[in-house]
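For reference, the chains in residue letters:
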Amino acid sequence: MKKTYVILLLIFTVNPALLSAQIGDQSVTQQVLQELNRERTLLSQNLDFRIKEIDSKINNLDESIKNTNSAAEKVEKLVERVKFLEERQEEIDKNTVGVYKYNYSSAVLNLASMEREIKPLNLFNSSREFYSTLDKVSNPMNYEGYKEWFGNFKKYIEEEQEDDAKLAALNHIIGVTGDLAQGTPFTGMFAGTLFDGISQFVNSLGRRDREMKEKSLEMLKLTTTVSQFTHDKDLIETEWEAINKSLDELKELQNKAMKENLVNILGIDLKEFEQKFTNETDAKKRTQYILDISKVAENKIAEEKTKNPENWKQDYYDQMMTVQNLKIRFGTITFRILENLNKYEGLIQKYQNDKYLKEEMAQLKLKLNLVRNSFESTFNPQEYIKASNEMYVVE
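Residues numbered from 1 in each chain as written. Predicted model: local features only at pLDDT ≥ 70, side-chain atom pairs only at ≥ 80, totals over all residues. Heavy atoms only, no water.

### Some thoughts on the overall build of the protein
Turning to step 1, where the next piece is worked out: Across its full length, the protein holds 13 helices and zero strands.
Turning to step 2, where the next piece is worked out: Residue burial in the protein is summarised as follows: out of 395 residues, 44% are buried.
Turning to step 3, where the next piece is worked out: Within the protein, residue pairs in contact and separated by at least 24 positions form 82% of the contacts whose partners lie at least 6 positions apart.
Turning to step 4, where the next piece is worked out: Carbon together with sulfur atoms contributes 49% to the accessible area of the protein, which is approximately 21500 Å² in total. (Helix = DSSP H or I, 4+ residues; strand = E, 2+ residues; numbered from the N terminus. Buried < 20%, exposed > 50% of the residue type's maximum accessible area, 1.4 Å probe, protein only. Contact = heavy atoms within 4.5 Å. Areas by Shrake-Rupley, 256 points an atom, 1.4 Å probe, with all protein chains shown as cover.)

Encoded structure:
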């Protein structure tokens, strides 16, 4: 199952340098979005003021039209009223454009930040220790006295295999897998064959071998416990492959969205983007670059509104929904990771009082806490999903 560990670790663990960079990216994006939202709020406040001012003029005109008996004066005031209504609509249209400018900029900036959020990450020492400890628990050779006892058991197999097909098969599979010291998992057909072999070995021991018989019975119990632990652990680990597949699919969709928005819509070179944002270590330079991109996005909205005044919204709305769905999907994946991490807590509790595994479970619990705390300090799935649902302002 070591391959599974690597898949899992690449998904969610980070070293301190990358963690700092990721927090920096979040800070850069938030700073730029806060500035854009400040500008949008000022425009919105000015809009409210202008709308109220125009509405007041329209109300005064309505009152004047109602009180005048001059047909010519009514026509003149009606024309003036239409003019104010057009001005009012223009102000509303400006606000719509402003909202789309902010929302599309938010989509582009969040999409850019995801480039680093879902990038495969390096490993914490704590996580390496946790998964190497899991491997050790699953190998009885790491328990006191087992290796020496197994030498006697293996000698018995080699001596008796010619007259026993099951022992011959067990001897063969041990040779094929490179002996138990290589970490052969104690599950499936191998485990059953091994249990039969050990039981046969125990039954072959007479009264003169009482000490070896008692030792062998203990080793049989240990082997059975380790085998069941490995089985329970493997049930948890099957989910990591599904999580990894989901992350790969998300990365593919994110790459597609990056090309669609940064290259096709905004005309930004992806190599330049990687150089000036993805791989840039200076937070000030990343801030300025991402701010420049946000301005390009804003200008694109204004340009599209001018070119296509009737149907300019739809394409940008679709792109915004795509980015929001990607972020929610990423948050859901991190939630699945946290849920699966929590399953190890149940595994540890199940075996924490077992006389053979309780010391190992105590070590695992400490190391699991380190892994989980590291993950939770980097990703907060519920907050991430909540922020993704609230990433756009409403007109």
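### Points about a negative patch on the surface
Turning to step 1, where the next piece is worked out: A surface patch of negative charge is lined by Glu 158, Glu 159, Glu 160, Glu 162 and Asp 163.
Turning to step 2, where the next piece is worked out: Turning to its location among the elements, Glu 159 is positioned in helix H5 (residues 146-160). (Patch = residues over 30% accessible without salt bridge, like charges linked within 9 Å, V, L, I, M, F, W, Y side chains within 5 Å. Salt bridge = Lys/Arg side-chain N within 4 Å of Asp/Glu carboxyl O. Lys, Arg positive; Asp, Glu negative; His and termini not counted. Charge placed at Lys NZ, Arg CZ, Asp CG, Glu CD.)

### Thoughts on the packing of helix H8 (residues 210-265) against helix H11 (residues 313-351)
Turning to step 1, where the next piece is worked out: Where H8 contacts H11, the axes come no closer than 10 Å and their chain directions differ by 165°. Relative to H11, the element H8 is oriented roughly antiparallel. Judged by the twist between their axes, the crossing of H8 over H11 is left-handed.
Turning to step 2, where the next piece is worked out: Here the residues of the contact of H8 with H11 are counted per class, giving 19 nonpolar, seven polar and ten charged. (Axes fitted to C-alpha atoms, helices over the stretch in contact; angles between N-to-C directions. Parallel < 35°, antiparallel > 145°, perpendicular 65-115°, else oblique. Left-handed = near helix turned anticlockwise from the far one by under 90°. Nonpolar A, V, L, I, M, F, W, Y, C, P; charged D, E, K, R; others polar.)

### Focus on the pattern of salt bridges
Turning to step 1, where the next piece is worked out: Counting across every chain of the model gives 22 salt bridges.
Turning to step 2, where the next piece is worked out: Ionic pairing is found between Arg 88 and Asp 55, a salt bridge with its closest N-O pair at 2.7 Å. Residue Arg 88 is found in helix H3 (residues 71-117), and its partner Asp 55 is found in helix H2 (residues 16-67); the two are separated by 33 residues along the sequence.
Turning to step 3, where the next piece is worked out: Overall, Asp 55 belongs to the partly exposed group, its relative accessible area being 25%.
Turning to step 4, where the next piece is worked out: Between Lys 386 and Glu 390 there is a salt bridge; the shortest N-O distance is 3.3 Å.
Turning to step 5, where the next piece is worked out: Residue Lys 386 is classed as partly exposed on the basis of its relative accessible area of 44%.
Turning to step 6, where the next piece is worked out: Salt bridges sharing common partners tie together Arg 50, Glu 53, Glu 87, Glu 91 and Lys 94.

### Notes on the nonpolar core
Turning to step 1, where the next piece is worked out: In terms of nonpolar packing, the biggest core is built from 83 residues, with Tyr 104, Phe 153, Phe 229, Phe 273, Leu 341, Tyr 344 and Leu 357 touching the most fellow members.
Turning to step 2, where the next piece is worked out: Per-element accounting of this core gives the leading share, 14 residues, to H8.
Turning to step 3, where the next piece is worked out: Apart from residues lying up to four places away in sequence, Phe 229 is in contact with Leu 134, Val 137, Ser 138, Leu 347, Tyr 351, Leu 357, Met 361 and Leu 364. (Core = buried A, V, L, I, M, F, W, Y, C linked by side-chain atoms within 4.5 Å.)

### A closer look at the packing of aromatic side chains
Turning to step 1, where the next piece is worked out: A complete count under the given rule lists 17 aromatic pairs for this structure.
Turning to step 2, where the next piece is worked out: Judged by centre distance (4.7 Å) and plane angle (75°), the rings of Phe 130 and Tyr 131 are edge-to-face. Of the two residues, Phe 130 and Tyr 131, both sit in the buried class.
Turning to step 3, where the next piece is worked out: Through pairs of rings, three or more aromatic residues link up here, namely Tyr 146, Trp 149, Phe 150, Phe 153, Tyr 156 and Phe 201. (Phe/Tyr/Trp six-rings, centres within 6.5 Å; stacked < 30°, edge-to-face > 60°.)

### A closer look at the environment of Lys 166
Turning to step 1, where the next piece is worked out: Within the fold, Lys 166 resides in helix H6 (residues 165-176).
Turning to step 2, where the next piece is worked out: Through-space distance from the C-alpha of Lys 166 to that of Gly 197 is 7.5 Å; in sequence the pair is 31 residues apart.
Turning to step 3, where the next piece is worked out: Beyond its immediate chain neighbours, meaning those up to four positions away, Lys 166 contacts Thr 193 and Asp 196.

### Focus: the confidence of the model for the protein
Turning to step 1, where the next piece is worked out: In the predicted model, the protein carries a mean pLDDT of 82, and the fraction of residues at 70 or more is 87%.
Turning to step 2, where the next piece is worked out: In the model of the protein, helix H1 (residues 2-12) stands out as the element of lowest mean pLDDT, 40, in contrast to H11, which has the highest, 92.
Turning to step 3, where the next piece is worked out: Note that residues 1-24 has pLDDT below 50 and, in this model, 62 contacts with residues that lie over four places away or in other chains.
Turning to step 4, where the next piece is worked out: Across residues 120-126, where pLDDT falls below 50, the model places 29 contacts with residues more than four positions away in sequence or in other chains. (pLDDT = per-residue confidence, 0-100.)

### Observations regarding the environment of Glu 91
Turning to step 1, where the next piece is worked out: Take Glu 91: it is sitting in helix H3.
Turning to step 2, where the next piece is worked out: For the pair Glu 91 and Arg 50, spaced 41 residues apart in the sequence, the C-alpha separation amounts to 7.6 Å.
Turning to step 3, where the next piece is worked out: Setting aside its immediate chain neighbours within four residues, Glu 91 contacts Leu 47, Arg 50, Ile 51 and Ile 54.

### Regarding the packing of helix H9 (residues 270-278) against helix H10 (residues 283-307)
Turning to step 1, where the next piece is worked out: Taken N-terminus to C-terminus, the directions of H9 and H10 make an angle of 135°; their axes are 9 Å apart at the nearest point. Classified by the angle between their axes, H9 and H10 sit oblique to one another. Taking contact as the criterion, the partners of Glu 272, Phe 273, Lys 276 and Phe 277 in H9 are, on H10, Arg 286, Tyr 289, Ile 290 and Ile 293.
Turning to step 2, where the next piece is worked out: Along the lines of polarity and charge, the residues of the contact of H9 with H10 split into five nonpolar, no polar and three charged.

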